[in-house]
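Tertiary structure, described
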Amino acid sequence: MPDTSNLHSQIVGWAKILLPICALALLSTLFLFARTPTQPTDIDLEEVARIAREQRVSAPEFSGVTDEGAVVVISAKSARPDSDEPDTVSVDDIFLRMDNTDGSYVQVTAPLGEIEGRKRIAQFLGLARLETSSGYRMETNGLIADLNTGVMESLGLIEIRAPFGELTAGNVTFSVTSDALGQQMLFTNGVRLLYKPQTP
């Protein structure tokens, strides 16, 4: 009669050797077939080092309340500290939404931006787009927002599409108050209006 305990020990011994080898073979096959011929075989170490050096953060979000009680939320695709200004954060694809106490809102987007933490100022760099709940849509080359007061000011020429027509101006200052005045827009430096009367 064969010794079953000895046979069992031999099977367990071979299994301890063969199973890890099979697992390694499967993993090697997985990586071999997962890689397409068009994918590079070398890791871009310079890119990895640059990301680590920049201390980039993905999908950051900042929020606060203005002096007038409006809720401000700023989000971005990525953020990284400014090497020259320790209290400044540079962001990509910046988005701001300000919900005011009267129920109105303002949204601003830009491809680049900077947030100064100590001064509580957000800058929208490049083509900045501003949209209000009252139907105004504006485009300007740069915008600055004071996160304490909620006041926004364009950094250059601005084009506006309003419910009553189209405007161009050299500068606009946008503010919201908690009283009955609500949203206020001050256009200066060569204002031109193309009035388009609403059809009944």
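Counting starts from 1 at the beginning of each chain's written sequence and moves along it residue by residue. The predicted nature of this model means local features are confined to residues of pLDDT at least 70 and side-chain atom pairs, given and counted, to a pLDDT of 80 or more, with totals for whole chains, interfaces and linings taken over all residues. Computation of side-chain values: all heavy atoms of the structure, hydrogens and water removed.

Overview of the overall build of the protein chain
Strands here mean DSSP runs of E at least two residues long; helices mean DSSP runs of H or I at least four residues long; both are numbered from the N terminus. In terms of regular secondary structure, the protein chain is built from 2 helices and 14 strands. Whether a residue is buried, partly exposed or exposed follows from its accessible area with a 1.4 Å probe, protein chains only, as a fraction of its type maximum: under 20%, in between, or over 50%, in that order. Among the 200 residues that make up the protein chain, the fraction classed as buried is 28%. Two residues form a contact once any of their heavy atoms are found within 4.5 Å. Considering only intrachain contacts with a sequence separation of at least 6, the fraction spanning at least 24 residues in the protein chain is 35%. By element, 59% of the accessible surface of the protein chain is carried by carbon and sulfur atoms, the whole surface being about 13400 Å². Method for areas: the Shrake-Rupley scheme with a 1.4 Å probe, in which residue coverage is limited to the protein chains shown.

Notes on the confidence of the model for the protein chain
For the protein chain, the average pLDDT comes to 79, and 68% of its residues sit at 70 or higher. pLDDT expresses, on a scale from 0 to 100, how confident the predictor is about each individual residue. Residue range residues 30-43 is modelled with pLDDT below 50. Its contacts to residues more than four positions away, or to other chains, number 3 contacts.

Considerations on the pattern of salt bridges
By definition, a salt bridge exists where a carboxyl oxygen of Asp or Glu is found within 4 Å of a side-chain nitrogen of Lys or Arg. For the structure on display, the rule yields 7 salt bridges. Among the salt bridges present, the one from Asp92 reaches Arg80, with a minimum N-O distance of 3.2 Å. In this pair, Asp92 is assigned in strand β5 (residues 88-99) and Arg80 in strand β4 (residues 78-81), connecting sequence segments 12 residues apart. Salt-bridge contacts for Lys119 lead to Glu116; the nearest nitrogen and oxygen are separated by 3.9 Å. The exposure class assigned to Glu116 is buried, which follows from its relative accessible area of 16%.

Some points on unusual backbone geometry
The backbone of Ala59 sits at a positive phi, close to 50°, despite the residue not being glycine. Counting through the fold element by element, Ala59 comes out in the loop between β1 (57-58) and β2 (61-65).

A word on the packing of aromatic side chains
Whether two aromatic rings pair depends on their centres lying within 6.5 Å, for rings of Phe, Tyr and Trp, where Trp uses its six-membered ring; planes under 30 degrees apart make the pair stacked, over 60 edge-to-face, and the rest tilted. A complete count under the given rule lists 1 aromatic pair for this structure. Look at Tyr136 and Phe164: their rings are 6.1 Å apart centre to centre, the planes differ by 75°, and that puts the pair in the edge-to-face class. Of the two residues, Tyr136 is situated in the loop between β7 (121-132) and β8 (137-146) and Phe164 in the loop between β10 (158-162) and β11 (165-169); the sequence distance between them amounts to 28 residues. The criterion for a charge sitting over a ring is simple: Lys NZ or Arg CZ within 6 Å of the ring centre, and within 35 degrees of the ring normal. A cation sits over an aromatic face here: Arg97 above Tyr105, 4.2 Å from the ring centre.

Side note on the side chain of Gln123
Topologically, Gln123 is positioned in strand β7. N or O atoms within 3.5 Å of each other form a polar contact, as long as, within protein, one can give a hydrogen and the other can take it, and as long as residues adjacent in sequence are counted only when both atoms are side-chain atoms. There is a polar contact of 3.3 Å between the side chain of Gln123 and the side chain of Glu116.

Quick word on the nonpolar core
As a rule of thumb, nonpolar side chains are buried together in soluble globular proteins. We call a set of buried Ala, Val, Leu, Ile, Met, Phe, Trp, Tyr and Cys residues a nonpolar core when their side-chain atoms join them within 4.5 Å. Residues Ile74, Leu96, Met98, Val108, Phe124 and Met152 are the most contacted members of the largest nonpolar core, which totals 32 residues. Elements with a minimum of two residues in this core: β3 (71-75), β5, β6 (105-116), β7, β8, β10, β11 and β12 (171-176). Apart from residues no more than four positions distant in its own chain, Phe124 is found in contact with Ile94, Leu96, Val108, Ala110, Leu112, Gly142, Leu143 and Ala145.

As for the environment of Phe95
Note that Phe95 resides in strand β5. The exposure class assigned to Phe95 is partly exposed, which follows from its relative accessible area of 29%. For the pair Phe95 and Ala110, spaced 15 residues apart in the sequence, the C-alpha separation amounts to 6.8 Å. Setting aside its immediate chain neighbours within four residues, Phe95 contacts Val73, Ile74, Ser75, Gln107, Val108 and Thr109.

Quick look at the environment of Ser104
Note that Ser104 resides in the loop between β5 and β6. Ser104 has contacts with Met98, Asp99, Ser133 and Gln183, leaving out every residue within four places of it along the chain. Engagement of the side chain of Ser104 in a polar contact is seen with the side chain of Asp102, the distance being 2.6 Å.

Details of the pairing of β4
Whether two strands pair comes down to DSSP finding at least two bridges between them. As defined by bridge partners, β1 adjoins β4 across 2 bridges and the pair is classed as antiparallel. Note that in β4 the partner of Ser58 across the bridge is Ser78.

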